[in-house]
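Spelled out from the first residue to the last, the chains are:
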Amino acid sequence: MHLLVNIDVPELGPAVDFYRDALGLTLDRFLDDDVAELSGTSSRLYLLQNAADTPSSSPGSMPRHYRRH
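Residues numbered from 1 in each chain as written. Predicted model: local features only at pLDDT ≥ 70, side-chain atom pairs only at ≥ 80, totals over all residues. Heavy atoms only, no water.

J.: I tried to follow the overall build of the protein on my own but got confused; where do I start?
T.: Assigned secondary structure in the protein consists of one helix and four strands. Partitioning the contacts of the protein with sequence separation of at least 6, the portion at a separation of at least 24 is 36%. Carbon and sulfur atoms provide 53% of the accessible area of the protein, an area that totals close to 5,000 Å². (Helix = DSSP H or I, 4+ residues; strand = E, 2+ residues; numbered from the N terminus. Contact = heavy atoms within 4.5 Å. Areas by Shrake-Rupley, 256 points an atom, 1.4 Å probe, with all protein chains shown as cover.)

Here it is in structure tokens:
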């Protein structure tokens, strides 16, 4: 089974740097100005740039926040 992992991030560039440096992942491509695809694990990792306080895709969920980051 192959999994796709989507991670919301406030800024794409610093997030790519973090996951590349901290986890040794490889940036494969940018899909738009707001999506990056990384590899280096058994799953593909997608970083999705989304501004704080925007609604998430889950119905009834709280707006995004990045305070813990």
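J.: What is the right way to read the confidence of the model for the protein from this model?
T.: Any residue range with low pLDDT should be treated as having predicted coordinates unsuitable for detailed reading. For the protein, the average pLDDT comes to 86, and 90% of its residues sit at 70 or higher. Per-element confidence in the protein is highest for strand E3 (residues 35-39), whose mean pLDDT is 97, and lowest for strand E1 (residues 4-9), whose mean pLDDT is 91. (pLDDT = per-residue confidence, 0-100.)

J.: What is the right way to read the pattern of salt bridges from this model?
T.: This model, assessed by the stated rule, comprises four salt bridges. Asp 21 serves as the salt-bridge partner of Arg 20, at 3.7 Å between the closest nitrogen and oxygen. Using a relative accessible area of 33% as the deciding quantity, one classes Arg 20 as partly exposed. Across the pair Glu 37 and Arg 29 runs a salt bridge whose closest N-O atoms are separated by 2.7 Å. Within the structure, one salt-bridge network assembled from shared partners comprises Asp 17, Arg 20 and Asp 21. (Salt bridge = Lys/Arg side-chain N within 4 Å of Asp/Glu carboxyl O. Buried < 20%, exposed > 50% of the residue type's maximum accessible area, 1.4 Å probe, protein only.)

J.: What should I look at first to understand the nonpolar core in this one?
T.: Generally speaking, a soluble globular protein has its nonpolar side chains buried in company with each other. Of all hydrophobic cores here, the largest spans ten residues; its members are Val 9, Leu 12, Ala 15, Val 16, Tyr 19, Leu 25, Ala 36, Leu 38, Leu 45 and Leu 47. If you tally residues by element for this core, the top one is helix H1 (residues 12-23), at four residues. (Core = buried A, V, L, I, M, F, W, Y, C linked by side-chain atoms within 4.5 Å.)

J.: What is the right way to read the side chain of Ser 39 from this model?
T.: Secondary-structure assignment places Ser 39 in strand E3. Polar side-chain contacts of Ser 39 include one of 2.9 Å to the side chain of Asp 28. (Polar contact = N/O pair within 3.5 Å; in protein donor to acceptor, adjacent residues only side chain to side chain.)

J.: Mind showing me how you'd approach the sheet that holds E3 here?
T.: Backbone hydrogen bonds hold the strands of a sheet together, and the pairing may be parallel or antiparallel. One open sheet holds the four strands; their spatial order is E1-E4-E3-E2, and the pairing between them is mixed. The sheet is open, and its two edges are formed by E1 and strand E2 (26-32), each paired on a single side. Strand-to-strand twist across the sheet, computed as the mean angle between neighbouring axes with direction ignored, equals 25°. Pairing of E2 with E3 involves five bridges; the strand directions are antiparallel. Among the inter-strand pairings, Leu 27 is bridged to a residue of E3, identified as Leu 38. (Pairing = 2+ DSSP bridges. Axes fitted to C-alpha atoms, helices over the stretch in contact; angles between N-to-C directions.)

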